[in-house]
Amino acid sequence: MRLIFYTLVIFAIYWLLRSFLKSKPKKKASSQLPPQIEDELVKDPMCGIYIPKQKAITAKIGGKVYYFCSQKCKEEYTKRQEVKK
Ligand SMILES: [Zn+2]
């Protein structure tokens, strides 16, 4: 009779441990989905390259906001717009 009792206790501990270990990775899986909405792509009107908005160099030309990949592109585009006018 003792053997059955021990087996039941061991089984109960094993079952508790299993359910405890199972519940942990579930929390990890839900946090593994970080929504990256802020990583919006913008087009550089000078060279036509797409760059993330956060990394882009912004310039206001004629009331409009433009995004550039580098300072060089920004300067060149500003110059071209000034020539046009
Ligand atoms: Zn560029």
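Scroll up to find the structure.
Residues numbered from 1 in each chain as written. Predicted model: local features only at pLDDT ≥ 70, side-chain atom pairs only at ≥ 80, totals over all residues.

Novice: What should I look at first to understand the overall build of the protein chain in this one?
Specialist: Per the secondary structure count, the protein chain includes two helices and four strands. For the protein chain, with 85 residues in total, the buried portion stands at 7%. Considering only contacts in the protein chain between residues 6 or more positions apart, those separated by 24 or more positions represent 19%. (Helix = DSSP H or I, 4+ residues; strand = E, 2+ residues; numbered from the N terminus. Buried ≥ 20, exposed ≤ 12 C-beta atoms within 10 Å, placed from the backbone. Contact = placed C-beta atoms within 7 Å.)

Novice: Before we go on, may I ask you to explain the nonpolar core in this structure?
Specialist: Soluble globular proteins tend to bury their nonpolar side chains together. The biggest cluster of nonpolar side chains holds five residues, and these are Ala56, Tyr66, Tyr67, Phe68 and Cys73. Top element by residues in this core is strand 4 (residues 64-68). It accounts for three residues. Filtering out sequence-adjacent residues up to four positions away, Tyr66 remains in contact with Pro45, Ala59, Ile61 and Tyr77. (Core = buried A, V, L, I, M, F, W, Y, C linked by C-beta atoms within 7 Å.)

These values are about where atoms sit, not about what they do.
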